[in-house]
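Residues per chain are reported as follows:
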Amino acid sequence: MKSFTSSNANIIKSNTPKFSRAINSNTCSKFGSLTSRLQNELHHLMMNPIDGVTAFPESESDFTRWCGTIIGAKDTPYEGLVFKIILKFPTNYPYQAPIVKFTTPIFHPNVGSKGDICLDILKDSWSPILNVQTLLVSLQSLLGEPNTKSPLNGTAARLWDKDIKSFKKAVLLVKETGQDGISSFCYGSAL
């Protein structure tokens, strides 16, 4: 696992909501065990934070929609960059993977222009023993170790494999302009 600086910890803290009261288990009773499982996972994340990643429910009344933050690890093209994600949990979670998307534009071989993510544990390799923390760590690792053999962004995959210097420029261009990876790199800001 890559290491992070103390300034990255401050970014994570500033992006973590302060729940002003304890979560009442009746708040989301229509989802029963789903809410209970997600409350336990939130508690685990809060008690065992991981440098560079965080996730939490968007509101105290709906535990099925979470937002998260991933900070690019040291010695990767994403070093120090902050990316937002959303997680939507299906009613049969943990037996089905959550839907996870980047909301911050990102130039990455395994992330599509609309934030879709190609990651095995979000598809065929999902297991009920996995959890939000596992998923966050996997996403953080994906930033530094993409699967260029199964890309959603072919341009990013080719650059990662053949021209890492241009790849890094494209990452920064996308982050600065907020445009999707393929169009902003291939066509500049003419769109």
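Being a predicted model, the structure only gives us computed values, none of them experimental. (Residues numbered from 1 in each chain as written. Predicted model: local features only at pLDDT ≥ 70, side-chain atom pairs only at ≥ 80, totals over all residues. Heavy atoms only, no water.)

A word on the pattern of salt bridges
Move 1: Per the counting criterion, the structure on display carries 3 salt bridges.
Move 2: Residue Glu58 is joined to Arg65 by a salt bridge in which the shortest nitrogen-to-oxygen separation is 3.2 Å.
Move 3: Under the relative-accessibility criterion, Glu58 is labelled partly exposed at 41%. (Salt bridge = Lys/Arg side-chain N within 4 Å of Asp/Glu carboxyl O. Buried < 20%, exposed > 50% of the residue type's maximum accessible area, 1.4 Å probe, protein only.)

A closer look at helix 5 (residues 164–177)
Move 1: The first and last C-alpha atoms of helix 5 sit 20 Å apart over 14 residues, in line with the 20 Å expected at 1.5 Å per residue.
Move 2: The complete set of buried residues in helix 5 reads Ser166, Phe167, Ala170, Val171 and Val174. In a view along the axis of helix 5, the buried residues occupy a sector of 145°, so they form one face of it. Residues Lys165, Lys169 and Glu176 are exposed on helix 5 and point more than 90 degrees away from its buried face. (Helix = DSSP H or I, 4+ residues; strand = E, 2+ residues; numbered from the N terminus. Expected span 1.5 Å × (residues − 1). Arc of directions from axis to C-beta.)

Some details on the UniProt feature "active site" (unreviewed entry) in the chain
Move 1: Here the UniProt-annotated "active site" (unreviewed entry) positions come out as Cys118.
Move 2: Checked against the element boundaries, Cys118 lands in the loop between strand 4 (99–102) and helix 3 (132–144).
Move 3: If we ignore the near neighbours within four places in the chain, the residues touching Cys118 are Asn110, Leu142, Ser150 and Leu152. (UniProt positions renumbered as here; feature names shortened; annotations may be inferred. Contact = heavy atoms within 4.5 Å.)

Structural notes on the pairing of strand 4
The two faces of a sheet get side chains in turn, since along a regular strand they alternate between them.
Move 1: Here strand 4 shows one buried face, formed by Val100 and Phe102, and one open face, formed by Ile99 and Lys101.
Move 2: When strand 3 (residues 82–88) meets strand 4, the two strands line up antiparallel, connected through 4 bridges. Bridge pairing in strand 4 links Ile86 to Lys101. (Pairing = 2+ DSSP bridges.)

Some points on the sheet that holds strand 3
Move 1: Strand order in the open sheet formed by 4 strands is 1-2-3-4, and the pairing between neighbours is antiparallel. Looking at which strands have only one partner, the edges of the open sheet turn out to be strand 1 (53–59) and strand 4. Direction aside, the axes of adjacent strands within the sheet are offset by 25° on average. (Axes fitted to C-alpha atoms, helices over the stretch in contact; angles between N-to-C directions.)

Looking at the packing of helix 4 (residues 154–162) against helix 5
Move 1: Contact pair helix 4 / helix 5: the axes reach a minimum separation of 6 Å and the direction vectors enclose 135°. Comparing their axes, helix 5 and helix 4 come out oblique. In contact with Ala156, Leu159, Trp160 and Lys162 of helix 4, helix 5 contributes Ile164, Ser166 and Phe167. (Parallel < 35°, antiparallel > 145°, perpendicular 65-115°, else oblique.)

Quick notes on the packing of aromatic side chains
Move 1: One pass over the structure, following the stated rule, counts 8 aromatic pairs.
Move 2: The interplanar angle of 65° and the centroid separation of 5.4 Å between the aromatic rings of Trp66 and Phe89 together place this pair among those described as edge-to-face. Placement of the pair is Trp66 in strand 2 (residues 62–71) and Phe89 in the loop between strand 3 and strand 4, with a sequence separation of 23 residues.
Move 3: Its relative accessible area of 6% is what places Phe89 among the buried residues.
Move 4: The ring of Phe83 carries the charged tip of Lys175 above its face, separated from the ring centre by 4.9 Å. (Phe/Tyr/Trp six-rings, centres within 6.5 Å; stacked < 30°, edge-to-face > 60°. Lys NZ or Arg CZ within 6 Å of the ring centre and 35° of its normal.)

Some words on unusual backbone geometry
Move 1: In this structure, Pro94 follows Tyr93 across a cis peptide bond, with omega equal to 15°.
Move 2: Here Pro94 is to be found in the loop between strand 3 and strand 4.
Move 3: Phi angles above zero are rare outside glycine, and Asp75 is one such case at about 65°.
Move 4: The exposure class assigned to Asp75 is exposed, which follows from its relative accessible area of 65%.

Digging into the environment of His44
Move 1: Mapped onto the elements of the fold, His44 is located in helix 2 (residues 33–47).
Move 2: C-alpha of His44 to C-alpha of Val132: the two residues are 88 residues apart in sequence and 9.6 Å apart in space.
Move 3: Among the polar contacts made by the side chain of His44, one reaches the side chain of Gln133 at a distance of 2.9 Å. (Polar contact = N/O pair within 3.5 Å; in protein donor to acceptor, adjacent residues only side chain to side chain.)

Some thoughts on the environment of Asn110
Move 1: Position of Asn110 relative to the elements: it lies in the loop between strand 4 and helix 3.
Move 2: Taking the C-alpha atoms as reference points, Asn110 and Leu143, 33 residues apart in sequence, are found 8.9 Å from one another.
Move 3: Contacts of Asn110, omitting those with residues within four sequence positions, involve Asp116, Ile117, Cys118, Leu142, Pro146, Asn147, Ser150, Pro151 and Leu152.

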